[in-house]
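Here are the chains, one letter per residue:
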Amino acid sequence: MTAATPQPVTFESPCSCHDAHGKARWSVKNDPSLPPTDASAIQSVTPSDMFSWPGPDVHLTGQSERTAIENNWYALTGRVVALKVEADCDLHIALQDATGDKPGIDLLIS
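These numbers come from a predicted model, not from an experiment.

Student: Would you mind going over the overall build of the chain with me for this structure?
Tutor: When you go through the chain residue by residue, the secondary structure sums to 2 helices and 7 strands. Written out in order from the N terminus, the α and β elements of the chain read β-β-α-β-α-β-β-β-β. Looking at the chain residue by residue over its 110 residues, the buried ones come to 21%. Considering only contacts within the chain whose residues lie at least 6 apart along the sequence, 48% involve residues at least 24 apart. Just so you have it, the chain exposes about 7900 Å², and 58% of that area is on carbon and sulfur atoms.

Below is the structure:
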């Protein structure tokens, strides 16, 4: 028996694709809310700032809502050092601080 051929995922734009297969926390990944109009509500961060944050303090499942820090808005400044597009439409972006002197981080953008 041979393995099934994966169905292709089509990117319609840098931010939109169809036939994606990774649906875990789909509503969280595709939150249509707009950034706050008050710029002071958006915190500036670097990849090394994010790298130092603790992980979730609750068990997350495929149906989990946003928790704690996921409910905030951030202006992230850094340098892209690697990019990987997965078959399920997820983008993994490895960033480092713009100065290049701090550890990088792998961000999942879906």
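Student: Help me understand the pairing of strand E6 (residues 91–96) in this model?
Tutor: Working note: regular strand, side chains alternate between the two faces of the sheet. Counting buried positions along E6 gives 6 out of 6 residues, so the element sits mostly inside the fold. By the alternation rule, side chains of E6 split into Leu-91, Ile-93 and Leu-95 and His-92, Ala-94 and Gln-96, which are all buried.

Student: I'm lost on the packing of aromatic side chains in this one. Help?
Tutor: For any pair of aromatic rings, the description rests on two quantities: the centre-to-centre distance and the angle between the ring planes. Tallied over the entire structure, the rule returns 1 aromatic pair. Here Trp-53 and Tyr-74 contribute two aromatic rings whose centre-to-centre distance is 5.0 Å and whose plane-to-plane angle is 45°, an arrangement assigned as tilted. On the criterion of sequence distance, the pair formed by Trp-53 in the loop between helix H2 (47–51) and strand E4 (73–76) and Tyr-74 in strand E4 is long-range, its members being 21 residues apart. Using a relative accessible area of 23% as the deciding quantity, one classes Tyr-74 as partly exposed.

Student: How do you make sense of the environment of Ile-69 when you look at a structure like this?
Tutor: With respect to the helices and strands, Ile-69 occurs in the loop between H2 and E4. Sequence separation between Ile-69 and Pro-56 is 13 residues, and the spatial gap between their C-alpha atoms is 8.7 Å. Apart from residues no more than four positions distant in its own chain, Ile-69 is found in contact with Trp-53 and Tyr-74.

Student: Is there a simple way to think about a nonpolar patch on the surface in this case?
Tutor: Taken together, the side chains of Val-80, Leu-83 and Val-85 make up a nonpolar region of the molecular surface, amounting to roughly 290 Å² of accessible area. The residue Val-80 is located in strand E5 (residues 79–85) in this model.

Cut-offs and rules
- Residues numbered from 1 in each chain as written.
- Predicted model: local features only at pLDDT ≥ 70, side-chain atom pairs only at ≥ 80, totals over all residues.
- Heavy atoms only, no water.
- Helix = DSSP H or I, 4+ residues; strand = E, 2+ residues; numbered from the N terminus.
- Buried < 20%, exposed > 50% of the residue type's maximum accessible area, 1.4 Å probe, protein only.
- Contact = heavy atoms within 4.5 Å.
- Areas by Shrake-Rupley, 256 points an atom, 1.4 Å probe, with all protein chains shown as cover.
- Phe/Tyr/Trp six-rings, centres within 6.5 Å; stacked < 30°, edge-to-face > 60°.
- Patch = residues over 30% accessible without salt bridge, like charges linked within 9 Å, V, L, I, M, F, W, Y side chains within 5 Å.
- Salt bridge = Lys/Arg side-chain N within 4 Å of Asp/Glu carboxyl O.

These figures come from the coordinates and say nothing about function on their own.
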